[in-house]
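Close look at the chain arrangement
Read off the chains here:
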Amino acid sequence: MTLVFLVMCAVAAGGYWYWQKSSTPSGEVTAKSKGKGKGKGGRGGVLIVKATRAVVKPMPVLIEAVGTVEPEHSVQVRAQVSGVLQSVMFKEGDRVQAGQALFQIDPRTFRAQYNQAQAALARDKAQLENARAQQERLEPLLKREFITRQEYDVAVTSAKSLEATVQADQAVAEQARIQLDFASIRAPISGRTGTLAVKPGNLVPAAGGGTPLVTINSMDPILVAFSIPERQLEEIRRYQSDAEMRIEILPDRSGPPAADGKLVFIDNTVTQQTGTVLLKTRVANSKEAIWPGQFVNVRIVLTVEPEAVVVPEVAVQPGQEGSFVYLIDEESKVRVQPVKISRQIGAEVVIASGVKRNDYVITEIPQALTPGGTVQIAGAEGRSAGEKGKGKGKGRGKGKGDKKDETKSESKSAGKAP
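Residues numbered from 1 in each chain as written. Predicted model: local features only at pLDDT ≥ 70, side-chain atom pairs only at ≥ 80, totals over all residues. Heavy atoms only, no water.

1. A word on the pattern of salt bridges
On inspection of all chains with the given rule, the structure shows 17 salt bridges. Here Glu 70 and Lys 280 are joined by a salt bridge, their closest N and O atoms 2.9 Å apart. Taken together, the positions of Glu 70 in strand β2 (residues 55-71) and Lys 280 in strand β14 (residues 276-283) put the pair 210 residues apart, joining distant regions of the chain. A relative accessible area of 24% means that Glu 70 is categorised as partly exposed. Lys 280 sits in the partly exposed class, given a relative accessible area of 21%. A salt bridge links Arg 123 to Asp 124; its shortest N-O distance comes to 3.3 Å. Here the salt bridges do not stand alone but share partners, grouping Glu 64, Arg 246, Glu 248 and Arg 299 into one network. (Salt bridge = Lys/Arg side-chain N within 4 Å of Asp/Glu carboxyl O. Helix = DSSP H or I, 4+ residues; strand = E, 2+ residues; numbered from the N terminus. Buried < 20%, exposed > 50% of the residue type's maximum accessible area, 1.4 Å probe, protein only.)

2. With respect to the environment of Ala 168
Structurally, Ala 168 can be placed in helix α4 (residues 149-182). Residues Ala 168 and Ala 120, spaced 48 residues apart in sequence, show a C-alpha to C-alpha distance of 9.9 Å.

3. Re α4
The first and last C-alpha atoms of α4 sit 50 Å apart over 34 residues, in line with the 50 Å expected at 1.5 Å per residue. Within α4, the full set of buried residues consists of Tyr 152, Ala 155, Val 156, Ala 159, Leu 162, Val 166, Asp 169, Ala 173, Ala 176 and Leu 180. Check the buried side of α4 and you find it contacts α3 (108-143) and β7 (184-186). (Expected span 1.5 Å × (residues − 1). Contact = heavy atoms within 4.5 Å.)

4. With respect to the pairing of strand β18 (residues 340-345)
Bridge count for β18 against strand β19 (residues 348-353) is five bridges, and the pairing is antiparallel. Looking at the pairing, Gln 344 lines up with Val 349 of β19. The loop that links β18 with its antiparallel partner β19 comprises two residues; one of these, Gly 346, has a positive phi angle of about 65°. (Pairing = 2+ DSSP bridges.)

5. Description of the packing of aromatic side chains
Evaluated as defined, the whole model comprises two aromatic pairs. A centroid spacing of 5.3 Å and a plane angle of 90° characterise the contact between Phe 90 and Phe 103, whose relative ring orientation is edge-to-face. Separated by 13 residues along the polypeptide, Phe 90 in the loop between β4 (83-88) and β5 (95-96) and Phe 103 in strand β6 (residues 101-105) bring together distant segments of the chain. On the basis of relative accessibility, which here comes to 10%, the residue Phe 90 falls in the buried class. Assessed through its relative accessible area of 0%, Phe 103 is described here as buried. Look at Phe 324 and Tyr 326: their rings are 5.5 Å apart centre to centre, the planes differ by 85°, and that puts the pair in the edge-to-face class. (Phe/Tyr/Trp six-rings, centres within 6.5 Å; stacked < 30°, edge-to-face > 60°.)

6. Side note on the sheet that holds strand β20 (residues 360-364)
What the five strands build is an open sheet, ordered β17-β16-β20-β1-β21; its pairing is mixed. Each of the sheet's edge strands pairs with one partner strand only, and the pair in question is β17 (334-338) and β21 (374-377). Strand-to-strand, the axes of this sheet are offset by a mean angle of 55°, without reference to chain direction. Of the strand pairs in this sheet, strand β1 (residues 46-53) and β21 are connected by four bridges, and their pairing is parallel. Across the sheet, Val 49 pairs through a bridge with Ile 377, a residue of β21. (Axes fitted to C-alpha atoms, helices over the stretch in contact; angles between N-to-C directions.)

7. Section: the sheet that holds β6
Spatially, the four strands line up as an open sheet ordered β7-β6-β4-β9, and their pairing is antiparallel. Bordering the open sheet on either side are β7 and β9 (203-204), each of which pairs with just one other strand. Note: β6 against β7, three bridges, orientation antiparallel. When the bridges of β7 are listed, Phe 103 appears paired with Ile 185.

8. Side note on unusual backbone geometry
Residue Pro 221 is reached from Asp 220 by a cis peptide bond, and omega for that bond is 0°. Checked against the element boundaries, Pro 221 lands in the loop between β10 (214-217) and β11 (222-229). A positive phi angle, near 55°, is found at Glu 288, a position not held by glycine. Checked against the element boundaries, Glu 288 lands in the loop between β14 and β15 (295-312). For Glu 288, a relative accessible area of 16% translates into the label buried. Its identity is not glycine, yet Ser 332 carries a phi of approximately 65°, on the positive side. Here Ser 332 lies in the loop between β16 (324-328) and β17.

See the structure below:
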């Protein structure tokens, strides 16, 4: 047992001596490890970010609202005479022109009434002609006193009575003709038809109640009604007479305008419940890009600001104290810059204060981004290449010198070793 213990102690002592001989001095190890750690940390602290410059360009000054499209003219077509609907001469949803025939009601009854009125008119006209001839024959006899004055007056009265009868017959005939015309229902305005409420073969009542046969809405031009806060009314009235002022209609807020027009109506009362004022614009709609009843975005372009500072929408971040952007300074450092937004137009934001022309703003925010950190702009190596090149050059020179010194140190150590 004692011999085994002594052997184990000798092996342990030899291993310790060999470890001490092959290990590097502690000062050199510390310097190497510090140098390597510093190099890794420097490379890891630079983030690659996407950024763009703030630009200055003309941008419109505008007011945005939500509006409702409504037809300038809308007519509910109803029958003016009762009868059986014989035919419909259009399809639901068709465009029709003013005066175009739409419906035909059975006209036989109305035609018979018109013919009867015409016959009564012809009869009374014949009697009137006879009465006038009788009056003309009696007039010379009265002068010669062959007849009494009373007999002549009876003839004159009969002629005048028949004249009134003929006029009444003409009115009855005209009324019958109108009733016959009403059997054919025509479009009162040009526009697009809606749903057909009555099918052929049904008895339709005269106007005054019930569902209209069809509704026609005019489509071109068309109106858009929208409301604005009363505080903006003064600004609109100030620019109303300017030629630059226009109103754009956008079915999709991020898309291009579908139509534009001029302001045609400002309500004379502020709505007390909402504090808003109703306005209307008339726009051309030949391609029917907007539809009655549709909700659309309304953009009132008051004027154009010639030099507005603009950044992308994605660069502006919301914060508890207001909006801000991440700016990159001349030393490629990141800082948080509060901004005041004037307005947003599509994917662009007009900055009232906080950003100047050519300022770099970060458009994609990495999770590791921190204020004060060093960043590099993707695709823009030249912006900080000088600074980074110098740093890398110095690092490389120093690294080579360190390696030479370490080699010499190791050689000297090896020479001094027993």
